[in-house]
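Letter by letter, the chains look like this.
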Amino acid sequence: MKKLRVVHYINQFYAGIGGEEKADYPPEIREGLIGPGQALQAAFKEEAEIVATVICGDSYYNENMEESKSQILEMIRPYQPDIFVAGPAFNAGRYGVACGDITSHVQNELHIPGVTGMYVENPGVDLYKKEVYIIETKNSAADMRKAAPKMAKLVIKLGHHQEVGSPEEEHYIKRGLRKNYFADKRGSERAVDMLLAKLRKEKFDTEYPMPSFDRVSPSPAIKDLSQSKIAIVTSGGIVPKGNPDHIESSSASKYGTYDISQFDDLTDQDHETAHGGYDPVFANEDSDRVIPVDVLKEMEKEGMIGSLHPYFYTTTGNGTAVANAKAFATEIAIDLKNHGVDAVILTST
Amino acid sequence: MVKEIEKTGIPVVHMCTIVPISKTVGANRIVPTVAIPHPLGNPSLTMAEEKEIRRNLVLKALEALTIEVEGQTVFE
Amino acid sequence: MKLELRNIMINDIVFGECSKIQNNQLMINPKDLESIVLEDEHIAEVKFDIAKPGESTRITPVKDVLEPRFKIDSESQVFPGVASKVKTVGEGKTNVLKGMALVTSGRIVGFQEGIIDMSGPGAEYTPFSKTINLVMSAYCHEGVKPHEHEKAVRLAGIKVAKFLGELSIDVEPNEIQVFETLPLLQGIQKYPDLPKVAYVQMLQSQGLLHDTYVYGVDAKTIVPTLLYPTELMDGAIISGNCVSACDKNTTYHHQNNCVVHDLYEKHGKEINFVGVVITNENVYLADKERSSDWTAKLVEYLGVDGVIISQEGFGNPDTDLIMNCKKIEEKGIDTVIITDEYAGRDGASQSLADADPKANAVVTGGNANEVIKLPPMDKVIGHLEYVDKIAGGFNGSLEENGWITVELQAIIGATNELGFNHLSAKEY
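Rules used in this analysis
Residues numbered from 1 in each chain as written. Chains lettered and ligands numbered in written order. Predicted model: local features only at pLDDT ≥ 70, side-chain atom pairs only at ≥ 80, totals over all residues. Heavy atoms only, no water. Helix = DSSP H or I, 4+ residues; strand = E, 2+ residues; numbered from the N terminus. Buried < 20%, exposed > 50% of the residue type's maximum accessible area, 1.4 Å probe, protein only. Contact = heavy atoms within 4.5 Å. Areas by Shrake-Rupley, 256 points an atom, 1.4 Å probe, with all protein chains shown as cover. Buried area = accessible area lost by both parts, 1.4 Å probe. Salt bridge = Lys/Arg side-chain N within 4 Å of Asp/Glu carboxyl O. Polar contact = N/O pair within 3.5 Å; in protein donor to acceptor, adjacent residues only side chain to side chain. Nonpolar A, V, L, I, M, F, W, Y, C, P; charged D, E, K, R; others polar. Pairing = 2+ DSSP bridges. Axes fitted to C-alpha atoms, helices over the stretch in contact; angles between N-to-C directions. Expected span 1.5 Å × (residues − 1). pLDDT = per-residue confidence, 0-100. Core = buried A, V, L, I, M, F, W, Y, C linked by side-chain atoms within 4.5 Å. Phe/Tyr/Trp six-rings, centres within 6.5 Å; stacked < 30°, edge-to-face > 60°. Domains from an automatic or database assignment.

## Notes on the overall build of chain A
At step 1: Scanning chain A for helices and strands turns up 11 helices and 13 strands.
At step 2: With respect to the three principal axes, the spread of C-alpha positions in chain A is 75 × 60 × 35 Å.
At step 3: Going through the 349 residues of chain A one by one, you find that 55% of them count as buried.
At step 4: A separation of at least 24 residues holds for 72% of the contacts in chain A among residues at least 6 apart in sequence.
At step 5: Accessible area for chain A stands at about 14500 Å²; split by element, carbon and sulfur atoms hold 50% of it.

Next comes the structure, spelled out in C-alpha cells:
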C-alpha cells in the first residue's frame, strides 16, 4: 500500500510559539512535522508521513472561525494529503473546538477524511462528534503516548478508505450513529434477561440510552427592569486582586463570592482574572471587560434597573468538570434565591 | 451553570463569544459578545468607546431578560 | 387456563386433487380455497402460489401472515368473534401447522404493505423467508373502497387459515407443548418466592387501515384489559394492519407472541408470569392518557414486580410507549420496553419521537431507516410496481435492472417490536 500523506493541525502552544499570550497567532503552515507530530509519526511507522503542519492560535481560530478555516483550507490544498489529523486537544476547550471545526471543514470541503482527539468533556466533543472521528484521550497531554497509536491506527484505516470498526474497537467517541447488527438472542429473550437483571438490581445495558434532553425550559421574563434586582455570575474568573481564595486557573474546584458594593468601576488596582484559558492581559487591565460592573452601576443610578446585587459569583470555566460547575451553580442559585435576585447576567470568556 | 440557575426560575442571559458552546450547554437567552479575552470590551478602542460597546451589549442582555422565549434564543 | 399446542410439522406444500395433510405434507386443491374466498362479494378473483425458503422468489405487497391452527376438543374455536363464534379461547387442545404460513397479498390498499424475499440479503430480515408460504393473492372488484378492500382480504385470510387448520383434525402431532396460567391468586401462591411479572402488549389502533381486533372488537374502542397468555395462541388477537411492514405485528406474530413464549420459558423457575395486559395506541391525547393510566392501574392491581412492554408501529405510539413506561415505573414497578428505531438512513437522528429517563431498559428491533439493496428475483408473486409507494420505498426504489433499494421498513417483520428477531442496533 502507498505511504499516506498526512497534514497535521496544532495550536500555538504545541508549536512552541507560546501560551495564552500568543493565542491570537494567525494560521501558518510549515513543511514536515512539529511537536506532537513526532509521536504520531512514530506511530505511523512507514505507513504514513506528516508532510506539513498547520499552526493556529486558539483565540485566533475561535474568534475568526470563518476566516481561519478558509485560510487554512487554502494552505492545506497544495499538499494534497490523503488524510488530516488535528490535535489531540485533550481538555483544552478552544483548541478542541478548533480541531473539531477545521476537521469537519477539511472533510466537507476538501473531501479528505480526518481524525482528532479530545477528552470526553471537551466542549468540542459535543459540537463535532457527529461529523468527526474523535479519539478519546485523557484530560492532559501526558496521555499523548497512549493517544498517538490509537489515532494513527484510525488515520491509516481512513486514509485507505477501509471500514471503521465500532467505537470500542477503534477508541473513538461515540458519534451518536445508530447501526444495526444481529444479536445472539432474539429481542424478546433479551427483554426477559434485561427485566430479570433489573428486578435483581444487577447491572444491565439498555440497547438504546435515552437521549439527554438536558434542557431547562426558559424562565419567565422579568416584567419591569426598574423594579428588578440583577446579579452577575461569571465563568471568566474575575477575582479581587491577589485571588484571595486561590481559585484555580483551570479545573476549578471552587467558586468565589465577592462584594462589589463599594466599586463603581473595576480597575487594575482592585480586580484581575484567575482564568488560565485565555490571555489575561485585557481582563487584568480592566475587569469590566468581563463583568460589566461599571455599566450596571450606572444603570442602577439612572433607575433603569432596580438594583445590582452587591455580590458577584465567579469561577474559572476552563477544564472545569461539568459536575463541578453544576455543583457550584446549584449553590449559587440558592444564594441568589435567598437574596431575592430577579435575573442573572452570566458572562463567559 | 446557566441551567442550574435557570432551574430555580430565575431567568439567565448568557453573554459569551462562542455561541455554539452556549447552545450546547443549554442557555436559553444568549447574547453574543466581542471576543474571548474581552467579551465586554475592545482594547483597541478608547476607554469611552469601549464603554459604549459594553453599555449596548448590557442593554441588549437586559432587554433579553424582559422577553419571553420559547426555547434557545440568540439575541444578535 | 391450560392449553396444549400440538405441532404438526409441515415439510412441503403441493397443489393436488384434494386438500389434505399426509406425512407432513400439505396438499391443496386451490378450488377448495377459492370457493371460501369468493364467498365475499367484494372479491372478484383469487390466486394461490407457493414460495419456499431459498427460492429466488419475492412476495409483495404483503398484507398479513397467518399460521393455520385448529382447536380439536373445545366448543370454542380459533379466531373467536371473527371466523368463529365469540367464545373464550386459550384452553384445551389446539393443532398448529408448524413450518408454514399463509401470506395474503393482492393489490395495494395502504402505503404500508411489505416485501418478503425467500432468499438473498432481504431474507435475513424477515422470519417468513424460513417458512413454506402459501400465498393468497385476492383481488377486489373495481370501486371497492379501501376499508372494504382491507376487511375483505383480512377475513378471507382468516377463513382460509382456519380451513387449512381444520385439515389437521385427525393428524397426530409431532410435538406437544403445554402452557398453563393459573387464576391470579392461585398463581401467586404457587410461586411465592419468585418475582411476579406481567406482559403489557400495545396494539396498533390508529384507524386508517392501522387496526387490530380482539375477539372481533376493534382495539381502538377497548379500554386496557387482561388476557390469559394462552388466549393469544388461539387467535384472540388478529391484525387488521397495513402499518409499516417492518414493525406491524402480523396475525402470525400474535399467535406466536415471542414475549409470551420467552416469559413462559422462565415461568416457575426464575419468574412468576401472571398474565397479559393489552392496551391500544389511539390518536387522541385523551385516549392515550386514559389507556396509559388504566394500564398502569391494572399492572399495579395485579401486584407485579416487573413488566415487559411491547410497542407496535412508530411515531405517535412512541408517546403511548413512554407514557406506559413512565406511569408504571412511577408505581415502583420495573419495566423493560421493546421498540424499534427511526434514526434516519445515516442513523444520526433521534430514534424515538418521545423519551424519558425512566425508560432506562430498552430493547430495540433495529433502525428501520437503514437502507438495503435487494437483488432481482426470478419469480415475483404480486406486483413490483408498488415498491416505489410502500413505506420504506421511495421514487426510484425499483431500478430498471430489477434491483430494489429500500429501507428495512419495507420488509415484513424486519424490526418487529415483540422482539421476534435477532436484529438490534447500537451506537457507533
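Read on for the rest.
## Quick look at the interface of chain A and chain B
At step 1: Chain A puts 56 residues into the contact, and the matching count from chain B is 48 residues.
At step 2: Roughly 4700 Å² is buried in total at the junction of chain A and chain B, and carbon and sulfur atoms are behind 68% of that figure.
At step 3: Contact with chain B buries surface across chain A, with A:Val216, A:Arg289 and A:Leu346 losing the most and accounting together for 15% of the total.
At step 4: The shortest N-O distance in the salt bridge between A:Lys223 and B:Glu68 comes to 3.8 Å.
At step 5: Run the count over chain A and chain B and you get 21 residue pairs in polar contact (both at pLDDT 80 or more).
At step 6: Looking at the side of chain A that touches chain B, the element that brings in the most residues is helix α11 (residues 322-338) of chain A, giving 8 residues.
At step 7: Per-class residue counts for the side of chain A that touches chain B are 31 nonpolar, 9 polar and 16 charged.
At step 8: Taken together, the 4 bridges between strand β13 (residues 343-347) of chain A and strand β1 (residues 12-16) of chain B define a ladder with parallel strand orientation.

## Things to note about the sheet that holds strand β14 (residues 196-204) of chain C
Residues and elements named next belong to chain C.
At step 1: Read across the open sheet, the 6 strands follow the order β17-β19-β14-β20-β21-β22; overall the sheet is mixed. Edge positions in the open sheet fall to β17 (225-227) and β22 (362-367), since each of these has one partner strand only. Each strand axis lies, on average, 20 degrees off the axis of its neighbour in the sheet, ignoring direction.
At step 2: Pairing between β14 and strand β20 (residues 306-310): 5 bridges, direction parallel. Bridge pairing in β20 links Gln201 to Ser310.

## Some remarks on helix α8 (residues 187-199) of chain A
All names here are of chain A.
At step 1: When the terminal C-alpha atoms of α8 are compared, their 18 Å separation across 13 residues agrees well with the 18 Å that a helix rising 1.5 Å per residue should span.
At step 2: Among the 13 residues that make up α8, 11 are buried, leaving the element largely enclosed by the rest of the structure.
At step 3: The positive-phi residue at the C-terminal boundary of α8 is Lys201, with phi of around 60 degrees.

## A few points about the confidence of the model for chain B
Residues and elements named next belong to chain B.
At step 1: Looking at chain B, the pLDDT average stands at 90 and 97% of residues meet or exceed 70.
At step 2: The least confident element of chain B is helix α2 (residues 19-25), whose mean pLDDT is 73; the most confident is helix α3 (residues 47-65), at 95.
At step 3: Reported confidence for the predicted complex is 0.97 by ipTM and 0.75 by pTM.

## Section: the pattern of salt bridges
At step 1: Overall, the coordinates contain 50 salt bridges over all chains when judged by the stated rule.
At step 2: Residue A:Asp193 pairs with A:Lys185 through a salt bridge whose shortest N-O separation is 2.8 Å.
At step 3: For A:Lys185, a relative accessible area of 34% gives the class partly exposed.
At step 4: Because the salt bridges share partners, they merge into one network encompassing A:Glu298, A:Glu302, B:Lys51 and B:Arg55.

## Focus on the sheet that holds strand β10 (residues 100-106) of chain C
Pairing between the strands of a sheet is mediated by backbone hydrogen bonds and can be parallel or antiparallel.
All names here are of chain C.
At step 1: Here 4 strands make up an open sheet; going across it, the order is β5-β12-β10-β7 and the pairing mixed. With one partner strand each, in any of the chains shown, β5 (43-51) and β7 (64-66) form the two edges of the open sheet. The average angle at which neighbouring strand axes cross in this sheet is 20 degrees, direction not considered.
At step 2: Pairing between β10 and strand β12 (residues 132-140): 7 bridges, direction parallel. Following the sheet pairing, Leu102 is matched in β12 by Leu134.
At step 3: Packed onto the sheet, helix α1 (residues 30-37) meets β5 and β12 and runs at close to 145 degrees relative to β5.

## Some thoughts on the environment of C:Val86
All names here are of chain C.
At step 1: Along the chain, Val86 falls in the loop between β8 (69-71) and β9 (92-98).
At step 2: Judged by its relative accessible area of 62%, Val86 is exposed.
At step 3: Placed 129 residues apart in sequence, Val86 and Tyr215 show a C-alpha to C-alpha distance of 6.7 Å.

## Some details on the interface of chain A and chain C
At step 1: Of the residues lining the interface, 39 residues belong to chain A; the matching set on chain C comes to 54 residues.
At step 2: Between chain A and chain C, roughly 4200 Å² of surface is buried when both sides are summed, and carbon and sulfur atoms account for 59% of that area.
At step 3: Note that A:Arg178 is salt-bridged to C:Glu341, the shortest N-O span being 2.6 Å.
At step 4: Breaking the side of chain A that touches chain C down by element, the ones donating at least two residues are β7 (178-182) and α8 of chain A.
At step 5: Counting residues per element, the side of chain A that touches chain C draws most heavily on α8(A), which supplies 12 residues.
At step 6: For the side of chain A that touches chain C, the residue count by class is 17 nonpolar, 7 polar and 15 charged.
At step 7: With 5 bridges joining them, β7(A) and strand β26 (residues 423-427) of chain C adopt antiparallel strand pairing. Looking at β26(C), one finds that A:Asn180 is bridged to C:Ala425.

## Quick word on the nonpolar core
At step 1: In this structure, A:Ile230, A:Leu296, A:Leu336, A:Val344, A:Ile345, B:Ile5 and B:Leu62 are the most contacted members of the largest nonpolar core, which totals 60 residues.
At step 2: Aside from chain neighbours lying at most four places away, what touches A:Ile230 is A:Ile222, A:Leu225, A:Ile305, A:Ser307, A:Leu308, A:His309, A:Val341, A:Ala343, A:Ile345, B:Leu62 and B:Leu65.
At step 3: One finds A:Met194, C:Tyr199, C:Ile338 and C:Ile381 within the second-largest nonpolar core, a separate group that totals 53 residues.

## Brief notes about the packing of aromatic side chains
Here a ring pair, both rings aromatic, is described through the centre-centre distance and the interplanar angle of the planes.
Residues and elements named next belong to chain A.
At step 1: The full count for this structure, using the stated rule, is 13 aromatic pairs over all chains.
At step 2: Between Tyr255 and Phe328, the aromatic rings sit 5.7 Å apart at their centres with planes inclined by 45 degrees, giving tilted as the arrangement. In this pair, Tyr255 is assigned in the loop between β9 (238-240) and β10 (256-259) and Phe328 in helix α11, connecting sequence segments 73 residues apart.
At step 3: A residue is classified by how much of its surface remains accessible, and Tyr255, at 21% relative accessible area, is partly exposed.

## Digging into the domain arrangement of chain A
At step 1: Under the domain assignment used here, chain A contains domain 1 (4-170) and domain 2 (225-347).
At step 2: Each of domain 1 of chain A and domain 2 of chain A has a C-alpha centre, and the two are 34 Å apart.

## Let's talk about the pairing of strand β19 (residues 272-281) of chain C
All names here are of chain C.
At step 1: Summarising burial for β19: 10 of the 10 residues are buried, a large majority.
At step 2: For β14 and β19, the ladder comprises 9 bridges, and the chain directions are parallel. Bridge pairing links Val197 to Phe273 in β19.
At step 3: Two strands pair when backbone bridges link them, and β17 and β19 are joined in this way by 3 bridges, in the antiparallel orientation. Following the sheet pairing, Leu226 is matched in β19 by Val277.

## What about the side chain of C:Arg58?
At step 1: For C:Arg58, the position within the fold is in strand β6 (residues 57-62).
At step 2: A distance of 2.7 Å separates the side chain of C:Arg58 from the backbone oxygen of C:Pro375, its partner in a polar contact.

## Here we look at the side chain of A:Thr103
Residue and element names in this part refer to chain A.
At step 1: Relative to the assigned elements, Thr103 resides in helix α4 (residues 93-109).
At step 2: Since its relative accessible area comes to 0%, Thr103 is described here as buried.
At step 3: Excluding residues within four positions of it along the chain, Thr103 makes contact with Phe84, Ala86, Gly114, Val115, Thr116 and Val132.

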